[in-house]
Amino acid sequence: MKTTGRKYWRSLDEIAERPQFREWLHREFPESASEMLDGGSRRTLLKLMAASFGLAGLTACSRPVERIMPSAKGQENYVPGRALFYSTAMALGGSATGLLVEAHEGRPTKVEGNPSHPYSRGAASAFAQASVLGLYDPDRSRVVTRGGTTSSWEEFSSWVGARFAAFGDGAKLRFLSEPVNSPSLEAVRKHALSRFPNARWVEYEPLSNEEGLAGTDLAFGRRLQPLYRFDRADVILSLDSDFLGLDAPAVTWINDFSKRRSAESGQGGMNRLYVAESQFSVTGGAADHRKRMRVGQVREFAIEIARELGLMPAGLRVLNGNGEQKFSAAVARDLKKSAGRSLVIAGPRQPAAVHALAAWINEALGNTGKTVTYVETAATPQLSAIRELAGELNAGAVDTLIVLGGNPVYDAPADLNFGAAMKKAAHTVHLGTERNETAVLAGWHLPEAHYLEAWGDARALDGTVTIQQPLIEPLFGGRAATEVLALMTGYKDQRAYDIVRGLWATGGEEQWRKHLYEGVVPGTARPEVAARVDAGRVKAAVAGTQQAGGGIEVSFYPSASTYDGRFANNGWMQEAPHPMTKVTWDNAAMMSPATARKLGVANEDVVALSHGGRTIEAPVFVQPGHADDAISIALGYGRRECGRVGKGVGHDAYPLRTAANFWSAPGARLKKTGRRYMLATTQEHHSMEGRDIVREASIADFSKNPKVLEKHGELKLFSLYGEHDYSKGNQWGMAIDLNACIGCNACLVACQAENNIPIVGKEQVARGREMHWIRMDRYYTGSEDDPQAVTQPMACQQCENAPCEAVCPVAATSHSPEGLNDMAYNRCVGTRYCANNCPYKVRRFNFLDWHKDNAEPVKMVNNPDVSVRMRGVMEKCTYCVQRIQEIKIRAKGEGRRELRDGEVKTACQQTCPAEAIVFGNINDPNSRVSQLRKSERNYSLLEELNTKPRTTYLAKLRNPNPELA
C-alpha cells in the first residue's frame, strides 16, 4: 500500500517536528489525570460552572397576558414533553437574523435558523446558538440601582417623570444607543425627538461598517446599503473582507457562496475566490488564491486592479515587485473575463475610498444590479457623532445622558476617554443586560431584558422585518429598550407588546398571528435603488488617500468568541477554539513567523504594543500566513466589569484604538517585557500524526482524472466480523462536503447546546480535556509563510467495524440495529479502552464532574431529551439519536412506518450555514446522503483500517487561476 499527496500540518511545532510536539503526541493526557476536586481547583470550577449555567434565583412580577404563537401546528393538542418552536429575531451588528427557538415547558433551550427568513434560511451562527446560554447567566443585571445602591423601577419612574417634565425642548438631553434597526423603537424615538426637539440621538457600535457606508456616500452622493449576491458571482475579489466570517452581517453570505463551491453545482459551475488580507481569516482559508498584505497595503492593491481595468491612469503604479503586479494583472483579467458575473467587496477595515473604488469597479464590470444591488439605509455617521457627544459632555453642555444598551466606556475610541466625559453629565442612565464598565459609572443602571424575554421587532440587512416574540417572562425583571424609552418620554403605549402589535396588527388578529407564526412580515424589504458612481469624486478621493506608512502596523478585529466584548461572559463561546489559531479563552498579538524572528519573540512571550502614547500588553501568537510587519489583535477581551466567567479574561486592545486609527494603527512600536503567558490552544490536540485525513485537488485536475483524489492503491481488506443486516430498517449515515465547509464553529456550538456538553475552563483545555463532540480540525499545506488552509469537522465516525465496541469490557458502547455506535452512559465504568482504540480520537472522557453541585435552575439551559453525564463516563457524538427517536414517534402518530428523507436533521446539520453536512438513511438509494456517497469525491477516513465509517467526506476542490497555478 502506497500513500501519495501533500503534507498537511496543524502547527509550526508539528511541521518543524520540535521535541515539544513529539512529547505532546506521546502524552495527550498529561499528569494529574486523576486529580481530585479540592482546594483552589474546586473553587475555580464551581465559580466557572455557576457563572456559566447557574441561576441563584428567579424573580417574577405581575404582567398582563400576552399571547405568543409557536411555529408548529397542533398547539391546541399540545403534548407535555414535546418541544415547541417559536419564531423570533436576534439583532447583532446592526442587522437581524430570523430564528426558531425550541422551548420545553416554557423554557428556551435551543436556537435554530428560521427557514422563512431571507437572511437565515434555516441556519444560525455560533453567536446565535450561544445566545440561549446568556439568557440563564446568573451574572445578568437583576435589580435597578441608583448610585450603586439597590433601587426599584417604581423609584426610577418617579425620578424620570419629574426629571423629563423639566426638560423643556431637551437642549441638554442626549440619547446614546447601538444602531437602531427596530421599527417599534424607531417609532418611540420619533416621538421622543418630537417632544424634545433640541435633544440629540447618537448611535454607536464598535464593529460597525462605518467606512463602507461612507464609501457609498462618496461613490453615489448618498448612503446606501450594498446587498451582495455571492451565488451569482463566478469570480470574487475580497479586499480585506472576511465576508464568510466575522465581517458577515448574516449567515446568508456563507450559504450563497457555498452553493457555488461544489463541483456538482448546477448554477454555472464552481466560483473562484481571491483574497487580499493581513490576518489569516476564515475567508482566506476558503480562497483559491490568497495574497497576504498589511491592511494599509490593500488600498494600493485595489488601485492596481483599477489601473489594470483602465479606471485609473495607466502610468500610476503603486505596487512594488513583479510578483505583486503579476498577481494583480491576472486578477483583473479574470474579473474582466467574468464581467457581469464577478464581484469586488471591501472590508470594514478599509477606508471609504477603497469601498468607493470597489463600487466603481463593480459598476465598470457590469456587476451592479446583478451581483451587487443597493437599498436605502437609515444608518447615520457614528464616529463623528460620538466624538461630538464626548465634546459636549466635556464642555458641560449635557445635563442628562441616556445610554440604551452598549458599553461605550469600554469600547468607544480611547482618545475620547468616554468614561471621564460621561462623569461630567449631572444625570446618567444606563440600560443593559449586565453591570458593565458603563453601568458602574452611571447614576442609574436598569436591567435590560434578553431578546428571548422581550417583545420587539428588527430589520434584516435588506429591511425585512421580523417580530421578536419572547419565549419566557423576564427572569430578572428586565425591560426592553422600547419600554424604557416609552416610560421616559410618555409614549401612548407603555408595554413593548402593545407598541409592536400596534405597528404590525393593522390587518387584524389573523394577520398578527400569521406574522408571529412565520416570523417574517411580508413586503417590508426595502426596494432596490438605481445609483451611478461619480467617477471623478472616487478618483480624486483615491488619489488623495495616503499610502501605508512604515513600521509595525497593528490592526483590530472582531473576536470569534466575544465579538466586541458582549459575549465575554459566555462560556460556550470562550471555549470554542478560534477557527484559525485554535486559541481558547484568550486573544493574542498575532504575527507572521518572519516578523517573530525579526523581533526576536516566540509564542507566549508578552510584548508591549505602543502607538500615539498609548500602550497595551498581550502575548505573542505566531500565525502562519500572516502578513509581515503587521500585528493583529482581537477586540472584546480584558473586561474589567463583567461576570465571573469573562472578567479579566484576555487582554484589552481598545486602549490602543482611537477615532483616527479605528481599525489599524501604522507605525506602532513593540517592546519585549520578558514575561511569559500561557495560551490554551487546541491545534495540536488529538493529532492524526500525519495520517491520511484530508484530500483535495484542483477542479481542473479532478475533471480530467477523478482518481487524482485516491491516496492508496487497490486495498484488499477483510474483516473478522460479520456484516450487519439493515435490509429491514434504517442505516443512518452522514456526508460532509469539505468544499462547502468553512470552519465557522456553528456546528460545534450547536452540538454543545443540543447535547448538554459541559465547558471545562482554560486550565483543563490546556491539558487536552476539552469536551466538544465535534473537533473542528484546521490543516495547513505549503510553506509556513504563505500556506493554504483547509478545515474538517471531525466527530464519531459511527464505524460499521467499530474498534471501540470490541474492547469495552461492560458493553457500554454497542452497535444499534440502525448502525449507531450507541453509548449506555450508566454502564460506562471509565476504562477508556474505547478511546485508546479509536483511530479518529473523537471520544471524550469526563475527567471531572463538570455538572456536580450545580443549583436546580441549571437544568433550565439543558436539553431534557439528553442525559447529563458524570465523572468517569465516556461520551461522544450520537448522530443526535434523540432527534431520530422524536421523528420516529411523530411518524408513528401519523401512521407512517417510513421516515421521509431529510426529515431527521442532526443539530450540526440543522445550523450549518454552508449546508456542508447531510444526514440520512444510506439504506435508501434515493436519499441525498446516498447520492453524495456515490460521488467521485466521496471518501472514508483511514479506509485502510477497514473500520467502514458511516460518516464520509467529499474531498475539497479548489479553482485556481491557470495563470497563477
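Residues numbered from 1 in each chain as written. Predicted model: local features only at pLDDT ≥ 70, side-chain atom pairs only at ≥ 80, totals over all residues. Heavy atoms only, no water.

> So what exactly am I meant to see when it comes to the sheet that holds strand β4 (residues 145–146) here?
The strands making up a sheet are joined through hydrogen bonds of the backbone, oriented either antiparallel or parallel. Across the sheet, which stays open at both edges, the 7 strands sit in the order β5-β4-β16-β15-β14-β6-β7 with mixed pairing between neighbours. In this open sheet, the two strands that pair with only one neighbour each are β5 (149–150) and β7 (200–203). Across 4 bridges, the pairing between strand β15 (residues 427–432) and strand β16 (residues 444–447) is parallel. Bridge pairing in β16 links His-430 to His-445. (Pairing = 2+ DSSP bridges. Helix = DSSP H or I, 4+ residues; strand = E, 2+ residues; numbered from the N terminus.)

> What is the right way to read the environment of Cys-751 from this model?
Here Cys-751 lies in helix α23 (residues 746–754). Separated by 128 residues in sequence, Cys-751 and Tyr-879 place their C-alpha atoms 9.9 Å apart. Look past the residues within four positions of Cys-751 in its chain and what remains in contact with it is Ile-757, Trp-773 and Ile-774. (Contact = heavy atoms within 4.5 Å.)

> For this particular structure, what's the right way to read the pairing of strand β24 (residues 630–634)?
Moving residue by residue along a regular strand, the side chains alternate between the two faces of the sheet. For β24, the tally of buried residues reaches 5 of 5 residues, placing the bulk of the element in the interior. Side-chain alternation along β24 places Ala-630, Ser-632 and Ala-634 on one buried face and Ile-631 and Ile-633 on a second face that is also buried. (Buried < 20%, exposed > 50% of the residue type's maximum accessible area, 1.4 Å probe, protein only.)

> What is the right way to look at the packing of helix α6 (residues 183–195) against helix α17 (residues 496–504) in this model?
Relative orientation and spacing of two packed helices are given, respectively, by the angle between their axes and the distance between those axes. Closest axis-to-axis distance for the α6/α17 pair is 9 Å, and the angle between their directions is 100°. Accordingly, the angle class assigned to the pair α6 and α17 is roughly perpendicular. Residues Pro-183, Ser-184 and Val-188 of α6 pack against Ile-499, Val-500, Leu-503 and Trp-504 of α17. The residue inventory of the contact of α6 with α17, partitioned by class, reads 6 nonpolar, 1 polar and no charged. (Axes fitted to C-alpha atoms, helices over the stretch in contact; angles between N-to-C directions. Parallel < 35°, antiparallel > 145°, perpendicular 65-115°, else oblique. Nonpolar A, V, L, I, M, F, W, Y, C, P; charged D, E, K, R; others polar.)

> How do you make sense of the packing of aromatic side chains when you look at a structure like this?
Each aromatic ring pair is summarised here by two numbers: the centre-to-centre distance and the angle between the ring planes. Tallied over the full model, the rule gives 28 aromatic pairs. Considering the side-chain rings of Phe-164 and Phe-196, the 5.6 Å spacing of their centres and the 75° angle between planes classify their relative orientation as edge-to-face. Here Phe-164 is found in helix α5 (residues 153–165), whereas its partner Phe-196 is found in the loop between α6 and β7, with 32 residues between them in sequence. Exposure remark for Phe-164: the relative accessible area of 1% places this residue in the buried category. The exposure class of Phe-196 is buried, given its relative accessible area of 2%. Three or more aromatic residues joined by ring pairs make a cluster, and in this case those are Tyr-228, Phe-230, Phe-243, Trp-253 and Phe-257. The ring of Tyr-410 has Arg-639 sitting right over it, with the charged end atom 5.2 Å from the ring centre. Over the face of the ring belonging to Tyr-825 we find Arg-869, whose NZ or CZ atom lies 5.6 Å from the ring centre. (Phe/Tyr/Trp six-rings, centres within 6.5 Å; stacked < 30°, edge-to-face > 60°. Lys NZ or Arg CZ within 6 Å of the ring centre and 35° of its normal.)

> I'm lost on helix α4 (residues 126–135) in this one. Help?
Because an α-helix completes one turn every 3.6 residues, residues spaced three or four positions apart along the sequence face the same direction. Most of α4 sits inside the fold, with 9 of its 10 residues counted as buried. Along α4, the residues classified as buried are Ala-126, Phe-127, Ala-128, Gln-129, Ala-130, Ser-131, Val-132, Leu-133 and Leu-135.

> Would you mind going over the side chain of Asn-938 with me for this structure?
Within the secondary structure, Asn-938 is located in strand β36 (residues 938–939). Within the structure, the side chain of Asn-938 is placed 3.4 Å from the backbone oxygen of Arg-933, a separation counted as a polar contact. With residues up to four places along the chain from it excluded, the contact list for Asn-938 reads Leu-932, Arg-933, Thr-952, Tyr-953 and Leu-954. (Polar contact = N/O pair within 3.5 Å; in protein donor to acceptor, adjacent residues only side chain to side chain.)

> Where do I start with the pattern of salt bridges in this structure?
In the structure shown here, the tally under the stated rule is 54 salt bridges. A salt bridge links Glu-186 to Arg-189, with the shortest nitrogen-to-oxygen separation between them at 2.4 Å. One end of the pair is Glu-186 and the other is Arg-189, both in helix α6 and 3 residues apart, which spans about a single turn. In this structure Glu-186 comes out as partly exposed when scored by relative accessible area, which is 32%. Look at Arg-189 and you get buried, because its relative accessible area is 12%. (Salt bridge = Lys/Arg side-chain N within 4 Å of Asp/Glu carboxyl O.)

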